[in-house]
2 protein chains.
Amino acid sequence: MTRRARRQISPPRALRYRQLRHPFAPQNYFSEDHIQAIHNQALHLLEEKGIKILLPEAREIFAQAGARVDDDMVFIGRDIVLAAIASAPKSFALKGATADRDQQYELGAQIFGPAGGCPNATDALRGRRPGSSETFLEATKLQHHFDVIHLLGPSAEPQDIPTNERHYFMMEAQLLHSDKPPSIYARGRAQTMEAFEILALARGVSDAEFKDNVWIKTVINTNSPRLIDRPMAQGIIDFARHGQMTIITPFCLAGAMAPITLSGALTLQHAESLAGITLSQLTRTGAPVSYGGFASNVNMKSGSPAFGTPEHVKLTIGTGQLARLIGFPFRVAAGSASNLADAQGANENTMGLWGAAQAGATLTLHSAGWLEGGLSFGFEKFINDLEALQTFAELAQPAEEGAQDLALASLNNVAPGGHFFDAVDTMERYADAFYEPLVADLDNFGAWCDNGAMSSMQRATGIWQQALRDYETPETCNDVASRIEGYIEKRRAKGGAEIMN
Amino acid sequence: MTRRARRQISPPRALRYRQLRHPFAPQNYFSEDHIQAIHNQALHLLEEKGIKILLPEAREIFAQAGARVDDDMVFIGRDIVLAAIASAPKSFALKGATADRDQQYELGAQIFGPAGGCPNATDALRGRRPGSSETFLEATKLQHHFDVIHLLGPSAEPQDIPTNERHYFMMEAQLLHSDKPPSIYARGRAQTMEAFEILALARGVSDAEFKDNVWIKTVINTNSPRLIDRPMAQGIIDFARHGQMTIITPFCLAGAMAPITLSGALTLQHAESLAGITLSQLTRTGAPVSYGGFASNVNMKSGSPAFGTPEHVKLTIGTGQLARLIGFPFRVAAGSASNLADAQGANENTMGLWGAAQAGATLTLHSAGWLEGGLSFGFEKFINDLEALQTFAELAQPAEEGAQDLALASLNNVAPGGHFFDAVDTMERYADAFYEPLVADLDNFGAWCDNGAMSSMQRATGIWQQALRDYETPETCNDVASRIEGYIEKRRAKGGAEIMN
């Protein structure tokens, strides 16, 4: 690590990583006819078999729109769904604290979000332990530090903070340490509204200005199959009402909570995502909402969830086909089932990332650091996954296109059997011609042995430590504390806000 | 490893892995105009700046076709090159011992070859050591055992065999232990001709039948920049004359033996590959020859070759664009600079494989087991890389398309909030619904710890050992020894065949 430690862990080319567009055309795996059949079947399922919605307020909204409500089952006519599909915005800006952190959320954009929703954290120094405020803060700083991570995510749950105050801590950690768009869990109206108020204070905008722009996202997970629970339905309503972004994401594991066939799993995902999108649009026409999919398979012998599998890649591409059918920007997920930042973990996550690339995903969550199928946020895993993300960011850069890029002076003048180490084009471009690896060690075997024969998992420990040392608080965060602490203090004094069950 | 060891290491779905077609459309990275400019510049380079060809016989062939020869420099007019491009076959069968091992070599095919050309071998039991006949044999058996490896490759060099007899050993090892198409190095006419004779005996075909079909391939590496050495030129001539396949592959490392720009490196690669293709076609019109590219970058600080980098992926896609421009099937490479089968190694190889997939490569060499930028054949690396290859093989399977795949019976009957573990579609399909991982461990953290908390690199050791135990000699190999051993014995008695320098 000595040589590596001498330079700052932050590639000089990183500024180009902030707003990415997909360089490749989205691909299909299923036939167009089959995707249309899945869409039709999902509409049929919502209309005829219905979806269970546990929140009375949400059922009331559906009823007012003409959906048939029978006890806690809601049967949503296809006209209602199609109107919601039509009214949802297909492109909007998700705003950071400064314009250069904004992300245009639309088809064609390539946005990476980190691992989120993990109860535990893992690193080589401290082992595996329950997520804490310390690791949440460190993970937030790491997410900030690398430009290829475009949004903040709720890494490992800060379990040492009581649930009624956890949203304060999570908002503080994000807003005091980064200018990137934050995330918050939808855990009931009280917490959601306080998070919005804290964010409006931090950004220095009025309620009206807050509502007119998209400042924050939350992931809405349905309880597959065909159930939306109370906090999730509440989240859809509250975020829509205040113009903030929900990402409606059924977590459809084929063979477990979804049918064993890929088409069946996609049908269920599509129906549930459309139900959430519809609730969003019925709450407020034009509310920002993302189509979402996180479908993979389980191992049928053990029931264990699998990620980065062929089925995961196929389902991700199918998700893209369904999203494009309805014209929506959409979110998918990478991630890993591995318990370590080893070859399995790298292969699974990189496969998932390429599935997202083939799909043309607007947003890929869990793109770095997701161990154990999401049960742990891995610090070494995060660093190793960044290498893949930075590779995608480089692929998204404009291609060489001019005559000068042919390097004719070198080609014409280097003798047969010679070399280009000191050719004129080399001299002009060597400083930043190529991507500089973050964790990959290109030394030959002898030099690598002399340096300790470390695996990339072992090297990553020094890298995340160095990145935390190199981390700098963005200037725009400097006065955030003075804006939000008074508010939070008062709320804490009042006992915080209970979470909804 | 206990549970894993209980089942045979060979997925039951593997028979579907034998002949693959790319499931996705090839992608572009460079503009069509820029690719055309590279093509034009390569033609210009061959015509005006020439290429150094060390073998007099090859220069004579060029001269007879009207190329200008000045000492050992050959200046190839574009008409000669364009005629060669036109005359080369764009689709042909590369034949194994049995029809189900044949590979149609053409655009659209997706063929995987193993790591080749490594001087050393690495595994966890025996460490890193010079390649030997033992490891060559083991690697050949492993290459045979997994159906997703379509061609045999010269894994680690059997350095314990004298060079004048090494080709006998390599042919024996391949022909006695596998029915897949073999490889041989072009190390001069004497060795090449003996390899052909051994192969014709093994396949039981006459000289004429041998010549009329493609039974073996060799990789021709130019000595970039703009030089073809004696054994390589001899190989092009001898393989063409006998109807066998050369893969003309400049190894263009941008910033070292190729220009620092990607376009410059591709221009050089294209010129050199076209020169080799032209020599092949001038030797025998219609001889089977593949366009080849293996372009990546070096790290400009250390000069170390890098693989799986963004530049490698871009160059691979550019190679595909150039090959499609001239209508040729083509070969690229994956591989890894890592010294271990760790996350770096997995990420690099999987990135390279996806580069090949984006390019629509006919053949991807070094797709499994290539450590240290090719300086070692890794047994654990081979196993870990197979997981990625098998994922690609699964992606190449036909997509679900029928109404029955929607799993309507399950979707309609599983209650909201329920599960599909025992749904009717699950019961019908659970046995082979999903890809069964080779090395990935999907256990949760507790179970994984109970089993020894092994990384996928550690698990791979047991897997390659088990695969060697499970390996079965194909029936068609049984009488090969009786066909070839007499011939080889006589040749050995005569002192073998010297290699060409």
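Shown above is the structure to which this text applies.
Residues numbered from 1 in each chain as written. Chains lettered and ligands numbered in written order. Predicted model: local features only at pLDDT ≥ 70, side-chain atom pairs only at ≥ 80, totals over all residues. Heavy atoms only, no water.

### Points about the sheet that holds strand β10 (residues 227-228) of chain B
Residues and elements named next belong to chain B. If you trace the four strands from one edge of the open sheet to the other, you get β2-β3-β1-β10, paired in mixed fashion. Either end of the sheet is taken by a strand with one partner, and the two such strands are β2 (68-70) and β10. As paired strands, strand β1 (residues 51-53) and β10 are joined by two bridges and run parallel to one another. By the bridge assignment, K52 is partnered in β10 with L227. Across the sheet, helix α3 (residues 56-64) is in contact with β1, β2 and β3 (73-75); its angle to β1 comes to roughly 130°. (Pairing = 2+ DSSP bridges. Helix = DSSP H or I, 4+ residues; strand = E, 2+ residues; numbered from the N terminus. Contact = heavy atoms within 4.5 Å. Axes fitted to C-alpha atoms, helices over the stretch in contact; angles between N-to-C directions.)

### Topic: the sheet that holds strand β12 (residues 251-254) of chain A
Residue and element names in this part refer to chain A. Spatially, β12-β14-β15 is the arrangement adopted by the three strands of the open sheet, whose pairing is mixed. Each edge of the sheet is formed by a strand with only one pairing partner; in this case those strands are β12 and β15 (305-306). Here β12 runs beside strand β14 (residues 294-298); their pairing, made up of four bridges, is parallel. Across the sheet, residue L253 finds its bridge partner in β14, namely S296.

### Examining unusual backbone geometry
Residues and elements named next belong to chain A. Omega for the bond connecting S224 with P225 falls within 30 degrees of zero, at -5°, which places this linkage in the cis form. Mapped onto the elements, P225 comes out in the loop between β9 (217-220) and β10 (227-228). Of note in this structure, R226 is not a glycine but carries a positive phi near 55°. The backbone of H366 sits at a positive phi, close to 55°, despite the residue not being glycine. By the element assignment, H366 lies in the loop between β17 (363-365) and β18 (370-371). Exposure remark for H366: the relative accessible area of 9% places this residue in the buried category. (Buried < 20%, exposed > 50% of the residue type's maximum accessible area, 1.4 Å probe, protein only.)

### Structural notes on helix α4 (residues 78-87) of chain B
Residues and elements named next belong to chain B. Those residues of α4 not exposed but buried are I80, V81, A84 and I85. Each buried residue of α4 lies within a common arc of 140° when the element is viewed along its axis, so the set occupies one face. Across α4 from its buried face, at more than 90 degrees, point the exposed residues D79 and A86. Where the residues of α4 are buried, they touch α2 (32-49) and α10 (262-283). (Arc of directions from axis to C-beta.)

### Some thoughts on the packing of aromatic side chains
Counted by the stated rule, this structure contains 38 aromatic pairs over all chains. Consider the rings of A:F92 and A:Y105, whose centres lie 5.5 Å apart with planes at 20°: the pair is stacked. Placement of A:F92 in strand β4 (residues 91-94) and of A:Y105 in strand β5 (residues 103-106) is noted, with a sequence separation of 13 residues between them. The exposure class assigned to A:Y105 is buried, which follows from its relative accessible area of 1%. With a centroid separation of 5.1 Å and an interplanar angle of 85°, the aromatic rings of B:F307 and B:W370 are classed as edge-to-face. In this pair, B:F307 sits in the loop between β15 (305-306) and α11 (310-325) while B:W370 sits in strand β18 (residues 370-371), placing the two residues 63 residues apart along the sequence. Of the two residues, B:F307 and B:W370, neither departs from the other in class, the shared state being buried. What links up through ring pairs into an aromatic cluster is the set A:F24, A:F112, A:W354, A:F392, B:F24, B:F112, B:W354 and B:F392. Sitting over the ring of B:F75, B:R68 keeps its end group 4.0 Å from the ring centre. (Phe/Tyr/Trp six-rings, centres within 6.5 Å; stacked < 30°, edge-to-face > 60°. Lys NZ or Arg CZ within 6 Å of the ring centre and 35° of its normal.)

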